[in-house]
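Structure assessment
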Amino acid sequence: MLNRIFIQNFALIDQLEINLQRGLQVITGETGAGKSIILGALRLIMGERADLKNFADLEAKSIVEAEFKISNNLQTFFTENDLDFDENTIIRREILPSGKSRAFVNDVPVTLDILQQLAEKLVDIHSQFETSNLFSEAYQFKIVDGLSENKNLIESYQNDFSQYQKLKKELEKLKNQLSEGNKESDYKQFLLDELQSANLENVNFELLQSQISLAENKGVISELLAQIFARTDQDEVGVFDSLYDIKNKLNKIAELSLQFSEINQRFEENYIELKDTLFQLQNEAENIETNHEDLLALQEQNDKINSLFLKHKVSEIEELIKIKDELSAEQSSFSDLETKISSLEKQIAELENSLEKQTKVLTKNRQQSIPLFKEKIESLLQQLGLEKAKVEVELTSTKDFVQFGKEKIQLLFQANSGFPLKPIQTAISGGERSRVMLAVKKIMAENSELPTLILDEIDTGVSGRIADEIGKVMQEMAENMQLIVITHLAQVAAKGNNNYKVKKSDIEGKTQTQIVSLNQEEKLTEIAQLLSGSKITDAAILQAKELMSI
């Protein structure tokens, strides 16, 4: 229940505070007095965006504060959002001159999203300009589901449906990637196979070039080696015989003079090294045994490597290996893509099964509640002067899952007998809208835990007996909730448990909006004024007393 409203520096309001009670709370006032300003301030509490043009003083912050008496049912919400629970909870919005907005719940800063979630559980504001909600599919489902046992189920279904849509979107994205990938996959796999078959990690390209050169020049190399061996191994005049003789003579010189000892040692070492080199050369000569087939195999491998260099526009084996690894990763990712698609398809199938079960229950509950809705609303419309009005709710199955199940809804209406029912948006007149919406609000209020409902001039366009009946309906609604009504109808104002008047006053040369609580005498005067205008007549006083039953 909304206990208190405090507004500071908002439009024509310098500072305003009003305490509200349970039951039917009626607010009246002349057109332009500022009733809509108060509602605009309350919408800030509902989490709506602030507008700097509503500031009375652009150099001071604007404050809107509302105190609610809340039930223990909201303790879970407070706990989940790290808020301090208090039966008398204060919601405050502060709008700074810079345009920055801050929101608080029991002095704990909150986001607008959390503020909106909380406010939706506390109060509903409905103005005469929002009767078009009645035409929306979402609102029509809300009406019917409110009478059925679908409240928790529809929340569960919509959570699953949201996940279902998300997964379907992701699946479509992956399938598009797969489709695009398929166009190049075969060619990339061919490139990968080609690189893998080259066994690049085991290729020493420089050694390969050397082996080919050896095989191609085997004859020349063998001839030159033969000449070397002939020169080194020739008896008496061979290189090694001469060097051996030199070594022996130098050894004797070193024995005679230590001055030649170091040179002798160096010559001895070089002699041994040269002898080892020649021995190794002889071994290499013996291993030159390549045949034509070996040469062809080496040339084929070399041609393959050079072809890969040319194809991939690189010049190093390491670069080819890098390209091979990248192609391998791409193909592996491509394979992972198929695995992900398969997993997503399985999740979607499971969700579809769950959604199908939920839609069947939703439809069954709706079909059971529709006759009750029809009975209630037609009875209320008769009370509100639409004696011939007929209402039907048409459910049409859909092939695919949609936001509210697997069906569409259409509210059909006809105010006159003898005419076919039509979709309400085409069949209802301006004068009928407010009465139908009031009837709907009453039905919804009976099945809602919402503690406070604010109706802003929902009774526009009616008078006389119908206005009195509207007042009675509002009285009935207020028995189980706090109903705040902004009205120009005397018949409605007369039925208020508490009445308030919004008025404009000039204070220190500045026009300001104020709201005051009316006592019984002031209430009588206000109702008489609603009946007769600015000049209150005796007849208006008598009629006001009759309306107030005094």
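Residues numbered from 1 in each chain as written. Predicted model: local features only at pLDDT ≥ 70, side-chain atom pairs only at ≥ 80, totals over all residues. Heavy atoms only, no water.

1. Brief notes about unusual backbone geometry
Of note, the phi angle at N9 is positive, near 55 degrees, even though the residue is not glycine. With respect to the helices, strands and loops of the structure, N9 is situated in strand 1 (residues 2-10). (Helix = DSSP H or I, 4+ residues; strand = E, 2+ residues; numbered from the N terminus.)

2. Some points on the pairing of strand 14 (residues 498-507)
Across 4 bridges, the pairing between strand 3 (residues 24-28) and strand 14 is parallel. Across the sheet, T28 pairs through a bridge with K501, a residue of strand 14. Relative to strand 15 (residues 510-518), strand 14 is paired through 9 bridges, and the arrangement is antiparallel. Paired with I507 across the strands is K510, a residue of strand 15. Linking strand 14 back to strand 15 in an antiparallel pair, the connection comprises 2 residues, with E508 at a positive phi of about 55 degrees. (Pairing = 2+ DSSP bridges.)

3. Concerning the packing of aromatic side chains
The full count for this structure, using the stated rule, is 6 aromatic pairs. Ring centres 5.4 Å apart and planes at 85 degrees place the aromatic pair F78 and F85 in the edge-to-face group. Residue classification places F78 among the buried residues on the basis of a relative accessible area of 0%. Look at F85 and you get partly exposed, because its relative accessible area is 26%. On the basis of an interplanar angle of 10 degrees and a centroid distance of 5.9 Å, the ring pair of Y157 and F161 is categorised as stacked. (Phe/Tyr/Trp six-rings, centres within 6.5 Å; stacked < 30°, edge-to-face > 60°. Buried < 20%, exposed > 50% of the residue type's maximum accessible area, 1.4 Å probe, protein only.)

4. Thoughts on the pattern of salt bridges
All told, the structure shown has 28 salt bridges when counted by the stated rule. Residue R92 pairs with D107 through a salt bridge whose shortest N-O separation is 3.0 Å. Taken as a pair, R92 in strand 5 (residues 88-95) and D107 in the loop between strand 6 (101-105) and strand 7 (108-110) lie far apart in primary sequence, 15 residues in all. According to the relative accessible area criterion, D107 is exposed, its value standing at 58%. Notably, a salt bridge pairs K472 with D468, separated by 3.8 Å at the nearest N-O pair. A residue pair is termed a helical-turn pair when its members lie 3 or 4 positions apart in one helix, as K472 and D468 do in helix 14 (residues 464-477) at 4 residues. K472 sits in the partly exposed class, given a relative accessible area of 34%. Residues joined in a network through salt bridges with shared partners are K61, R92, E94, R102 and D107. (Salt bridge = Lys/Arg side-chain N within 4 Å of Asp/Glu carboxyl O.)

5. Overview of a negative patch on the surface
A surface patch of like charges, here negative, comprises D14, D57, E59 and E508. In this fold, D14 is placed in strand 2 (residues 13-19). (Patch = residues over 30% accessible without salt bridge, like charges linked within 9 Å, V, L, I, M, F, W, Y side chains within 5 Å. Areas by Shrake-Rupley, 256 points an atom, 1.4 Å probe, with all protein chains shown as cover. Lys, Arg positive; Asp, Glu negative; His and termini not counted. Charge placed at Lys NZ, Arg CZ, Asp CG, Glu CD.)

6. A look at helix 16 (residues 520-532)
Taking 1.5 Å of rise per residue, the 13 residues of helix 16 would be expected to cover 18 Å, and the 18 Å separating its terminal C-alpha atoms lies within 8% of that figure. Of the positions making up helix 16, those classed as buried are K523, L524, E526, I527 and A528. On its buried side, helix 16 packs onto strand 3, helix 15 (490-493), strand 14, strand 15 and helix 17 (538-548). The opening residue of helix 16 is N519, an N-cap whose side-chain oxygen sits 3.2 Å from the backbone nitrogen of E521. Looking one or two residues past helix 16, G533 carries a phi angle of roughly 95 degrees, positive in sign. (Expected span 1.5 Å × (residues − 1). Contact = heavy atoms within 4.5 Å. Polar contact = N/O pair within 3.5 Å; in protein donor to acceptor, adjacent residues only side chain to side chain.)

7. A few points about the pairing of strand 12 (residues 452-456)
With respect to burial, strand 12 is a largely interior element, 5 of its 5 residues being buried. Burial along strand 12 is two-sided: T452, I454 and D456 and L453 and L455, pointing in opposite directions, are all buried. Pairing of strand 12 with strand 13 (residues 482-486), which is carried by 5 bridges, proceeds in the parallel orientation. Bridge pairing links L455 to V485 in strand 13. The parallel pair strand 12 and strand 13, bridged by helix 14, forms a crossover whose chirality is right-handed. (Right-handed = clockwise from strand over helix to strand, strands pointing away.)

8. Comments concerning the sheet that holds strand 14
Strand order in the open sheet formed by 6 strands is 8-12-13-3-14-15, and the pairing between neighbours is mixed. Unpaired on one side and paired on the other, strand 8 (123-127) and strand 15 mark the two borders of the sheet. The average angle at which neighbouring strand axes cross in this sheet is 20 degrees, direction not considered. Running over the sheet, helix 14 touches strand 3, strand 12 and strand 13 and is turned about 150 degrees from strand 13. (Axes fitted to C-alpha atoms, helices over the stretch in contact; angles between N-to-C directions.)

9. Here we look at the side chain of Q25
Among the structural elements, Q25 can be located in strand 3. Side-chain polar atoms of Q25 contact the backbone nitrogen of Q21, separated by 3.0 Å. A polar side-chain atom of Q25 sits 2.9 Å from a polar atom in the side chain of N498. Excluding residues within four positions of it along the chain, Q25 makes contact with L20, Q482, L483, I484, V485, N497, N498 and Y500.

10. A closer look at the sheet that holds strand 7
Taken in spatial order, the 6 strands line up as 2-1-4-5-6-7 in an open sheet, and their pairing is antiparallel. The sheet terminates laterally at strand 2 and strand 7, the two strands that pair on one side only. Across the sheet, the axes of successive neighbouring strands diverge by a mean angle of 15 degrees, strand direction being ignored. In the packing of helix 1 (residues 35-45) onto the sheet, the strands contacted are strand 1, strand 2, strand 4 (62-69) and strand 5, and the crossing angle to strand 1 comes to about 105 degrees.

11. A word on the packing of helix 4 (residues 137-147) against helix 13 (residues 430-446)
Between helix 4 and helix 13, the shortest axis-to-axis distance is 9 Å and the interhelical angle comes to 40 degrees. By the angle class used here, helix 4 and helix 13 are oblique. In terms of crossing hand, the pair formed by helix 4 and helix 13 is left-handed. Packed against helix 4, whose contacting residues are Y139, K142, I143 and L147, the element helix 13 presents M437, V440, K441, I443 and M444 at the interface. Within the contact of helix 4 with helix 13, the residues separate by chemical class into 7 nonpolar, no polar and 2 charged. (Parallel < 35°, antiparallel > 145°, perpendicular 65-115°, else oblique. Left-handed = near helix turned anticlockwise from the far one by under 90°. Nonpolar A, V, L, I, M, F, W, Y, C, P; charged D, E, K, R; others polar.)

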